[in-house]
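Secondary and tertiary structure notes
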Amino acid sequence: MFSFVIQLCLIQNAALAFAENNEFHLATSSLPKDLNFMPSLANGHLGFTVFGDAIYFNGVYNGEAGNSRRARLPHNLNLTIEVFSEHLRAYRQYQLPPTQYVMNLEGGYFQWQQNLSVSLGDTVQIIQRIYAHRYFNRALVYDLSVSRTSSQETLLIKLQQNSGNKSEAFDIQEKASNSNNFFIYKALTRQVEDPQFQTQRSTVYIIENDCIPPEGKFLKLKNGQKYMSYRFILTADHKKHVALKEMRNVLRFSSQELLNKHAQEWEHFWEHFRIEIKGSLVLSQIINAGIFYLANSLPSSTSNQPNNPYCGLSPTGLARGQLDADYQGHSFWDTEIWMLPIITHLNTDWSRRLLKYRSDRLAAANYNAMATGYRGARFPWESAFTGVEVTNPCCPEVAQQQIHISADIVLALQHFYAVTHDETWLCGTAWTLASEIAEFLISRVSWNITTDLYHVENVMGPDEDHNHVNDNAYTNVAFKKALEFASFVSSVCWNQTEQSKAWLNVAQKMYLPYNKSNDYHPEYAGYETGEQIKQADAILLGFPLQLDMVNTTRYNDLVLYENVTRASGPAMTWSMFAINFLDVGFKTKADEYFLKGFENYIRSEFKVWSETSFPFKGSSNFLTGIGGFLQSILYGYAGIRFHLDPKGRSQMLLKQSHLLPAIKSFTVKGIKFGNASFALKIFGNGNSLLTCLSLGSLPLQLMGKTPEPIILTDNCAISLENETVTIQTPEFTSKL
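An unreviewed UniProt entry lists the protein under the name Protein-glucosylgalactosylhydroxylysine glucosidase, with Glossina fuscipes as the source organism. Taken directly from UniProt, the Sequence similarities (unreviewed entry) text for the protein runs: "Belongs to the glycosyl hydrolase 65 family."

Spelled out as structure tokens, the structure:
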């Protein structure tokens, strides 16, 4: 009896939390018309879309070259129920009432509830919950609990599995059971991505604690029984013994204990990074949902068993990837330019893993460069398991011409080092990648004897509406910045070499399209003013590339390209307009683009993003748009930037801050710099408060507040009044 009371209280507490709609609870009684915009749940190892038909496994792809895509497993946790009463061997099916749905961002689970009246005075409460466990990260969990106020009749709960069609990607062996009554499947992908870099097909072992037959499974709530629970657990790994261990460990916990352990991991995450909004519940929900959907595709910080190597972050995350609209689960420049600058503040280890994904595929990039007639490392436009080019066969020119991806990877290395000042990493991982990519870049440029400048010919920039162009402004500046950083790493880690001098020479003589009479940067050589473009391209010179230029030029770039960027452009385009307009002092314009960057891209029910604005079609759970949106808050309105100085110091610049549109204040907690963490509260009118949440062993100085540097200490609090200050690390110290 005591156990029942505890269980019933837990159910009642869950129901109370269910109705609450706050900044972390997205509650609704109706689902989006397009179920592609249901929440995506993942843990860096496994992922799925709620009520979808697919489960995906980190790093498992099927298909050769451009036909490679995430390998789909049927979604066996997609369960629905029906309720029947049993009386004198006759069965009556109850019509289930409307459902309440909640995406709990704080606890990392999706829950839905129905309250059914089965007879006079007898109410049945049904709660279902599904999540990808953050600690037991080989496990996916479905929970069902049924409680009622009376117990005068027998109820039958019919479970029906809605797994979708058989897998198109796996050969799955017939089920077998062991002494623990587990059901074990062995799934083998049907085709390798590239036989040179993948010699064997991928194997996944799937273990389930129950088997639901095609006709369904009945659970019984007997006469006199007021509470019943059921759970379906799926574990999976490349190794059978790992999946088995995970299942056994999971089943040692009750449903509530298992949920608590999962929620604790999410609580730990939110303690280390948050953006708190005062004055707008809707904006707060959008921000929290964006952070959640971005973070939940990445690996758990702590896990029951060691994480497997992480295989990149695609534009729609781990929970999607079979469809062309999901970019087949491939990694692009989206990771390095749009997502990683934010991810570094969520968890610096996540960015390390994403950059390690690139370094682990260096051999394939070397091969790609050699096969196309160049030196060094040429990373593919689209990358999956092996690191060979896997761009869809529909679009060969994209793979051939969007060569800025290699430079983008170096820009990500630079940003990560500027934030973390990790010297050992710089002279190891960063140097290996930057030096190999630099060799590709200088082998790809052409020297013009007349201009005595280097040009990059026959390319496509971020604007994919224009191919086979010469001297795309973004590409040329990305080349320049990447070569400068590679030369910098050489100088601080190894002293300057003839090789690195050659890189710097090309960087210094890189041609940049510029129209002097109109004082703006043409998108490419020969660009005609007024020609429509797909997305942000030349305006990215201001941010994120941070090219030195006068404000009038930067403003002219913005005004010219805002009028020719097509309305169906991807979400992150408008976020970059917002940041750049703030930088040149036009907040009203920035506010307009900040709002434009999310208002028409988000489905209201669970704040899931679309790649393109309504009614255009595009990818769902578009993490690239989320990354751009969050950058507009951190690097735009909060006024934070990161730089390197010639002496190898990392610098965090705090510029004039601005309030987000129509809010009272906001706070960014968990800004990472060095091995420290900061919070910045923005009050408006350029006023803000910087506090030190934690300071590591790396000494940090505040410059610009007083004539002398201020050494930061624990629990510091610094008021900023419409001023610019810099926090910097010591000079580079190691010479390996």
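Still more to cover.
When helices and strands are tallied, the protein shows 16 helices and 34 strands. What you see for the protein is a C-alpha radius of gyration of 27 Å, in line with the 27 Å of a compact globule of 736 residues. Seen through its C-alpha atoms, the protein measures out along the principal axes to roughly 95 × 60 × 50 Å. Counting across all 736 residues of the protein, residues that qualify as buried make up 61%. Here the analysis covers contacts within the protein between residues at least 6 apart in sequence; of these, 67% occur between residues at least 24 apart. Total accessible area on the protein stands at roughly 27800 Å², and carbon and sulfur atoms take up 49% of it.

On to the state of the cysteines, then. This model, assessed by the stated rule, comprises three disulfides. Across the disulfide, Cys 427 is cross-linked to Cys 493 (sulfur-sulfur distance 2.0 Å). Judged by the torsion about the S-S bond (-85 degrees), the Cys 427/Cys 493 disulfide is left-handed. One end of the pair, Cys 427, is in helix H10 (residues 423–444); the other, Cys 493, is in helix H11 (residues 473–494), and 66 residues separate them in sequence. Like Cys 427, the residue Cys 493 is buried in the burial classification.

It is worth spelling out the environment of Pro 393 at this point. By the element assignment, Pro 393 lies in the loop between helix H7 (362–371) and helix H8 (396–401). Along the primary structure Pro 393 and Asn 67 are separated by 326 residues, whereas in three dimensions their C-alpha atoms are 7.3 Å apart. Setting aside residues up to four positions removed in sequence, Pro 393 forms contacts with Gly 66 and Asn 67.

Overall, the coordinates contain 46 aromatic pairs when judged by the stated rule. Geometrically, the ring pair formed by Trp 112 and Tyr 142 is tilted, given 6.5 Å between the ring centres and 55 degrees between the ring planes. Taken together, the residues span a long stretch of sequence, with Trp 112 in strand S11 (residues 109–119) and Tyr 142 in strand S13 (residues 139–148) at a distance of 30 residues. Judged by its relative accessible area of 7%, Trp 112 is buried. Centroid distance Phe 594 to Tyr 637: 5.2 Å. Interplanar angle 65 degrees. Geometry classified as edge-to-face. In this pair, Phe 594 is assigned in helix H15 (residues 587–596) and Tyr 637 in helix H16 (residues 623–637), connecting sequence segments 43 residues apart. Neither Phe 594 nor Tyr 637 differs from the other in exposure class; each is buried. One aromatic cluster is present, formed by Phe 24, Trp 266, Phe 269, Trp 270, Phe 292, Tyr 293 and Trp 350 through successive ring pairs.

Right, let's talk about the nonpolar core for a bit. Residues Leu 426, Phe 666 and Phe 678 are the most contacted members of the largest nonpolar core, which totals 207 residues. Looking at this core, the element that brings in the most residues is H11, giving 13 residues.

Here we take up the sheet that holds strand S32 (residues 710–711). Read from one edge of the open sheet, five strands run S26-S27-S34-S31-S32, paired in antiparallel fashion. Two strands lie at the open edges of the sheet, namely strand S26 (640–644) and S32, each paired on one side alone. When strand S27 (residues 650–654) meets strand S34 (residues 725–728), the two strands line up antiparallel, connected through four bridges. Its bridge partner lying in S34, Gln 651 is registered against Gln 728.

Let us look at the pairing of strand S3 (residues 46–49). Side chains Leu 46 and Phe 48 project from S3 onto one buried face, and the interleaved Gly 47 and Thr 49 project onto a second face that is buried too. Sheet topology note: the strand S2 (residues 40–42)/S3 ladder contains three bridges and is antiparallel. Directly across from Ala 42, in S3, lies its bridge partner Gly 47. Between S2 and S3, which pair antiparallel in sequence order, lie three residues; one of them, Gly 44, sits at a positive phi of approximately 85 degrees. In the sheet, S3 pairs with strand S4 (residues 54–57) via three bridges, with the strands oriented antiparallel. The residue bridging Phe 48 from the neighbouring strand is Ile 55, located in S4.

Attention now goes to the side chain of Asn 472. On the secondary structure map, Asn 472 appears in the loop between strand S23 (453–455) and H11. Given a relative accessible area of 1%, Asn 472 falls into the buried group. Only 3.3 Å separates the side chain of Asn 472 from the backbone nitrogen of Tyr 474, close enough to count as a polar contact.

Relative to the helices and strands, Asp 422 is located in the loop between helix H9 (404–420) and H10. A distance of 3.0 Å separates a polar atom in the side chain of Asp 422 from the backbone nitrogen of Trp 425. Residues in contact with Asp 422, not counting those within four places in the same chain, are Arg 352 and Tyr 417.

This part covers unusual backbone geometry. With omega at 15 degrees, the peptide bond leading from Phe 543 into Pro 544 counts as cis. Take Pro 544: it is sitting in the loop between helix H12 (498–508) and helix H13 (551–562). At His 421, a position not held by glycine, the phi torsion is positive, near 50 degrees. Within the fold, His 421 resides in the loop between H9 and H10.

Glancing now at the UniProt feature "domain: Glycoside hydrolase family 65 central catalytic" (unreviewed entry) in the protein. The UniProt record annotates "domain: Glycoside hydrolase family 65 central catalytic" (unreviewed entry) at residues 319–530. Measuring from the first to the last C-alpha atom of residues 319–530 gives 39 Å, for a span that is 54% helix and 3% strand.

Helix packing for two helices is described by the angle between their axes and how far apart those axes are. Two elements in contact, helix H14 (residues 572–583) and H16, have axes whose closest approach is 8 Å; the angle formed by their N-to-C orientations is 10 degrees. Regarding the angle of H14 to H16, the classification is roughly parallel. Contacts between H14 and H16 involve Met 572, Ser 575, Met 576, Ile 579 and Leu 582 from the first element and Thr 624, Gly 625, Gly 628, Phe 629, Gln 631, Ser 632, Tyr 635, Gly 636 and Tyr 637 from the second. For the contact of H14 with H16, the residue count by class is seven nonpolar, seven polar and no charged.

Analysis parameters
- Per-chain numbering applies: the sequence of each chain, read as written, is numbered from 1 onward.
- Under the rules for a predicted model, residues below a pLDDT of 70 receive no local features and side-chain atom pairs below 80 are neither given nor counted, while totals for whole chains, interfaces and linings still include all residues.
- Each side-chain value is worked out from all heavy atoms of the structure, with water and hydrogens disregarded.
- UniProt positions are given in the numbering used here, feature names are shortened, and annotations may be inferred rather than shown by experiment.
- Helical segments are the DSSP runs of H or I of at least four residues, strand segments are the runs of E of at least two, and each set is numbered from the N terminus.
- C-alpha atoms define the radius of gyration, and 2.2 Å times the number of residues to the power 0.38 defines the globule rule.
- Note on classification: 1.4 Å probe, protein chains only; a residue is buried when its accessible area is under 20% of the maximum for its type, exposed when over 50%, partly exposed between these limits.
- Whether two residues touch is decided by their heavy atoms; if any such pair falls within 4.5 Å, the residues are in contact.
- Accessibility throughout is a Shrake-Rupley quantity obtained with a 1.4 Å probe, and a residue counts as covered only by protein chains that appear here.
- Two cysteine sulfurs form what is called a disulfide whenever their separation falls within 2.5 Å.
- By convention, a stacked pair of Phe, Tyr or Trp rings (six-membered ring in the case of Trp) has centres within 6.5 Å and planes under 30 degrees apart, an edge-to-face pair has planes over 60 apart, and any other such pair is tilted.
- Joining through side-chain atoms within 4.5 Å is the link that ties buried Ala, Val, Leu, Ile, Met, Phe, Trp, Tyr and Cys residues into a set, and such a set is a nonpolar core.
- Strand pairing is assigned whenever DSSP identifies at least 2 bridges connecting the two strands.
- Nitrogen and oxygen atoms within 3.5 Å of one another constitute a polar contact, given that in protein one can donate a hydrogen and the other can accept it, and given that sequence-neighbouring residues count only through two side-chain atoms.
- Only the contacting stretch of a helix is used when fitting its axis, a line to C-alpha atoms as for every element, and angles between N-to-C directions run 0 to 180 degrees.
- Should an angle fall under 35 degrees it is called roughly parallel, over 145 degrees roughly antiparallel, and 65 to 115 degrees roughly perpendicular, with every other angle called oblique.
- Asp, Glu, Lys and Arg are counted as charged, while Ala, Val, Leu, Ile, Met, Phe, Trp, Tyr, Cys and Pro are counted as nonpolar; the rest, among them Gly, fall into the polar class.

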